[in-house]
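Spelled out, the chains give:
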Amino acid sequence: MTMTGVPALHGQPLDGLLEHINVPSYVLDAQGVVRWLNPAAERIVGPATGRQFTSVVAPEETRRARELFARKVIGATTVTDAGVVIVDRDGRRVGVEVSSVPLRRGEHVVGVFGQVSDLVEQPHSHPDLHLTPRQAEVLDLLERGRSTRQIAEDLHLSIETVRNHIRHVLRAVGAHSRLEAVAIANGSH
């Protein structure tokens, strides 16, 4: 499948070039349907062309992934770098860093082009810590080494709200620092 409306480089369609690079890359249409994956992306998620992009996103990440996608399609953001947990072709959860940009035809956003910039170790779930879903999200992002500002951007929250969530997480796990909270959480699974 070729990417419609994508420019050529030295006479070769850009999607032809991207087929051969080892960076997982994809194109979504404006409705969120996967229209193109290069082989590197297919090695991670399997054949996803024609499916909604949320079909490869972990269930608890679906809402945030849809929000990020919607902001791109309505033109509210241009470049987005975000961490997301996907489900690979074997059903395992994999944390990825994705960088994406809107694809435009004239003034209209017609889709999204993205690349996986990094594969990260999947944070563990912590059902025994009795965290709210939002606190669990904050803890997962802390485990990935995110700063307060990065967490605020990822979750579309104010920095002060994130600080409050971090305080609640620290209290819930009995920690005095973020590092200690991550260490306790990793020792609890």
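Here, every reference points to the structure presented above.
A few points on the structure.

The rules behind these values
- Residues numbered from 1 in each chain as written.
- Predicted model: local features only at pLDDT ≥ 70, side-chain atom pairs only at ≥ 80, totals over all residues.
- Heavy atoms only, no water.
- Helix = DSSP H or I, 4+ residues; strand = E, 2+ residues; numbered from the N terminus.
- Buried < 20%, exposed > 50% of the residue type's maximum accessible area, 1.4 Å probe, protein only.
- Axes fitted to C-alpha atoms, helices over the stretch in contact; angles between N-to-C directions.
- Parallel < 35°, antiparallel > 145°, perpendicular 65-115°, else oblique.
- Left-handed = near helix turned anticlockwise from the far one by under 90°.
- Contact = heavy atoms within 4.5 Å.
- Nonpolar A, V, L, I, M, F, W, Y, C, P; charged D, E, K, R; others polar.
- Salt bridge = Lys/Arg side-chain N within 4 Å of Asp/Glu carboxyl O.

Within the element layout of this structure, H165 appears in helix α6 (residues 159-173). Judged by its relative accessible area of 17%, H165 is buried.

Attention now moves to the packing of helix α4 (residues 133-143) against helix α5 (residues 148-155). In a packed pair of helices, the relevant descriptors are the angle between the two axes and the axis-to-axis distance. The interhelical angle for the contact between α4 and α5, taken along N-to-C directions, is 130°, at an axis separation of 10 Å. With respect to α5, the axis of α4 lies oblique. Crossing of α4 against α5: the hand is right-handed. Here α4 contributes R134, E137, V138, L141 and L142 to the contact with α5, which in turn contributes I151, D154 and L155. Among the residues making up the contact of α4 with α5, the classes are represented as five nonpolar, no polar and three charged.

Moving on: the pattern of salt bridges. What the rule picks out here adds up to 10 salt bridges. Here D88 and R92 are joined by a salt bridge, their closest N and O atoms 3.1 Å apart. Salt bridges here are not isolated pairs; linked through shared partners, they connect D88, D90 and R92.

Below, the discussion takes up unusual backbone geometry. Of note, the phi angle at H156 is positive, near 55°, even though the residue is not glycine. In this structure, H156 sits in the loop between α5 and α6. A relative accessible area of 32% places H156 in the partly exposed class.

Geometric values such as these leave the question of function open.
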